[in-house]
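Residue-level structural notes
Chain by chain, the residues run as shown.
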Amino acid sequence: MARQRLSFLQIWNMCFGFFGIQIGFGLQNANTSRIFQSLGVDVNHLAILWIAAPATGLLVQPIIGHFSDKTWGRFGRRRPYFFWGAILTTLALLVMPNSPTLWVAAAALWIMDASINITMEPFRAFVGDNLPDEQRATGYAMQSFFIGLGAVFASALPWMLTNWFDVANTAPAGQVPDSVRIAFYTGGAGLLLAVLWTVFTTREYSPEQLTAFEKAEREIAGLGLHEEPEPSVNAYIALGVGGVLLGAALALIVWGAGLEKELYVLAGLLFAFGLAGVAGARFKRIGRTDNGFSEVLADVFRMPKTMRQLAVVQFFSWFGLFAMWIYTTPAVATVHFGAVDASSKAYNEGADWVGVLFAVYNGVAALAALVIPLMVKVTSRRVSHAVCLGLGALGLLSFLVIRDPGLLWIGMVGVGFAWSSILSTPYSILAGALPARKMGVYMGIFNVFIVVPQLLAATLLGLMLKTFFGNQSIFALVLGALSFALAAAATFLVRDRVAGAPA
């Protein structure tokens, strides 16, 4: 008993929803800092305003993965999450550019990011569920293609509205330009339609079928169903004590040394992880582990070795990406367009050009999704990924060297290869190391290693720029390049196991 091979059109339909998701994600990444600054936020406080969204994602992703693993009904297993996540994301896209105050905009960002996570997380497991092993690489490549295509459209949309349709890209102080507002309306409609296309043109295997597939696959490989041992009470206690002590110590250091208050967020997260460990130990002692919280926490302890190694690569990869997304607009506006006033024409021209640059790297990523499989065949998945990350590092460094804004697209070529590989290669390596019946929860846990670097970027980058770089945003891109380089080095430590070997 095995999964059926799908046709090109079936894989296309299955992945098309990612086109819509990336429209929302691209609009958020390219315009959030612009909206915040239009509402009067100082550049030094931009990063902290991104914290609420990833903090929610830290909880949403594993929970949605866990419940989608256990969901089965009239509309399938993953598709109900696609549907409702798309509805909520569309509503947030309509609200955010019309926010009358900063806090309304921050709340809209929070809802938008959580909703995108609800939709996006099951899509990763969707490929693993529906495709046989020999077609998964094609499935993830198709996702990367649509991610690039959607992001090109989203990133360039404000620029196109201004330059092709004469929509105003400036507005009075405290207001968001019409080009941004209309872009968000258009993106909301595109997102909803694309996700609904996938919902209504695809089918899913039932949990019973997936269990049978996994059993048959492992029998063919001469293996039994493998499961890591349950974590002990002592393991939970170590997590609890360590998290609480580290969180409390960091909070005291921040208070005693008068450091930036944003660091209290990190202290709070460490403390929260500690409390989770304490709760896990309590449930374990009284024998009440048949609940979602205990199951997800136990799965964290039982991550396959390959997943733990990839987590390091993901951490540095995404720290570099968030440095770019948060600070490219103020960096380019200041260094390349000589503007610091968010309401000035020069600043908004710079912000529009960043949208074009983001469109370039996403367009390159869509094309790179076709090239990277060839790189893998010539070398290996690890070498290919390391090369792409190295190109991304060079691309971000180029912003420090190139002063003609018209030439900044050159660096975006390298970033495009890095982005495309980040979206596909780690998942291709990971899929073979995961038990099929836990594909959703492990994909959700894996996404934690995207959220954690976002939180660190949001809390530390502003402090680092203020302390070491005189509040010059361009150096956030240099730090992003360094992070890409570290991710490339960590890639060579990943165990890319042969298909069929134990995880």
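Everything numeric here is computed off the predicted structure, so don't read it as measured data.

1. Quick look at the nonpolar core
Formed by 113 residues in total, the largest nonpolar core has its most connected members in M324, W325 and W419. No other element matches helix α11 (residues 305-335), which puts 14 residues into this core. Sequence-distant contacts of W325, that is, excluding residues within four places in its chain, are made with F25, N29, W318, F358, Y361 and W419. The next biggest cluster of nonpolar side chains, apart from the first, holds six residues, and it includes V364, A368, M375 and F417.

2. Some thoughts on the domain arrangement of the chain
Under the domain assignment used here, the chain contains domain 1 (1-213), domain 2 (233-302) and domain 3 (304-502). Taken over C-alpha atoms, the centre of domain 1 sits 18 Å from the centre of domain 3. Contacts between domain 1 and domain 3 engage 52 residues on the former and 49 residues on the latter. The largest per-residue losses of area from domain 1 upon contact with domain 3 belong to R34, R124 and Y140, which jointly make up 12% of the total buried on that side. Viewed at the interface, domain 3 and domain 1 are joined by zero salt bridges. Secondary structure elements with two or more residues in the side of domain 1 that touches domain 3: α1 (8-38), α2 (52-70), α4 (102-130) and α5 (133-165). It is α5 that provides the largest number of residues to the side of domain 1 that touches domain 3, a total of 16 residues. A per-class count over the side of domain 1 that touches domain 3 returns 24 nonpolar, 18 polar and 10 charged.

3. Focus: the packing of α1 against α4
Packing of α1 against α4 brings their axes to within 10 Å, and their N-to-C directions diverge by 155°. In terms of orientation, α1 lies roughly antiparallel with respect to α4. Considering the relative orientation of α1 and α4, their crossing is left-handed. When grouped by side-chain class, the residues that make up the contact of α1 with α4 number 16 nonpolar, six polar and two charged.

4. A word on a nonpolar patch on the surface
There is a patch of nonpolar side chains on the surface, built from L88, L91, L94, V95, V104, I182 and Y185 and spanning about 510 Å² of accessible area. Looking at the nonpolar patch, the elements that each hand over two or more residues are α3 (79-95) and α6 (178-201). Looking at the nonpolar patch, the element that brings in the most residues is α3, giving four residues. Among the secondary structure elements, L94 is positioned in helix α3.

5. Quick word on the packing of aromatic side chains
Counted under the stated rule, the structure contains 28 aromatic pairs. Ring plane angle 80° and centroid distance 5.6 Å describe the contact between F25 and W325, whose orientation is recorded as edge-to-face. Of this pair, F25 sits in helix α1 while W325 sits in helix α11, and the two are 300 residues apart along the sequence. According to the relative accessible area criterion, W325 is buried, its value standing at 2%. Joined through ring pairs, the aromatic side chains of F8, W12, F16, F19, F145, F146 and W197 make up one cluster. Here the basic side chain of R203 rests over the ring of Y205, its NZ or CZ set 4.6 Å away from the ring centre.

6. Quick look at the confidence of the model for the chain
With 93% of its residues at a pLDDT of at least 70, the chain reaches an overall mean of 85. Across the chain, the element-wise mean pLDDT spans from 76 in helix α7 (residues 207-220) up to 96 in helix α16 (residues 474-491). Taken as a whole, residues 498-503 scores under 50 in pLDDT and shows 13 contacts with residues more than four places along the chain or in a different chain.

Analysis parameters
- Residues numbered from 1 in each chain as written.
- Predicted model: local features only at pLDDT ≥ 70, side-chain atom pairs only at ≥ 80, totals over all residues.
- Heavy atoms only, no water.
- Core = buried A, V, L, I, M, F, W, Y, C linked by side-chain atoms within 4.5 Å.
- Buried < 20%, exposed > 50% of the residue type's maximum accessible area, 1.4 Å probe, protein only.
- Helix = DSSP H or I, 4+ residues; strand = E, 2+ residues; numbered from the N terminus.
- Contact = heavy atoms within 4.5 Å.
- Domains from an automatic or database assignment.
- Buried area = accessible area lost by both parts, 1.4 Å probe.
- Salt bridge = Lys/Arg side-chain N within 4 Å of Asp/Glu carboxyl O.
- Nonpolar A, V, L, I, M, F, W, Y, C, P; charged D, E, K, R; others polar.
- Axes fitted to C-alpha atoms, helices over the stretch in contact; angles between N-to-C directions.
- Parallel < 35°, antiparallel > 145°, perpendicular 65-115°, else oblique.
- Left-handed = near helix turned anticlockwise from the far one by under 90°.
- Patch = residues over 30% accessible without salt bridge, like charges linked within 9 Å, V, L, I, M, F, W, Y side chains within 5 Å.
- Areas by Shrake-Rupley, 256 points an atom, 1.4 Å probe, with all protein chains shown as cover.
- Phe/Tyr/Trp six-rings, centres within 6.5 Å; stacked < 30°, edge-to-face > 60°.
- Lys NZ or Arg CZ within 6 Å of the ring centre and 35° of its normal.
- pLDDT = per-residue confidence, 0-100.

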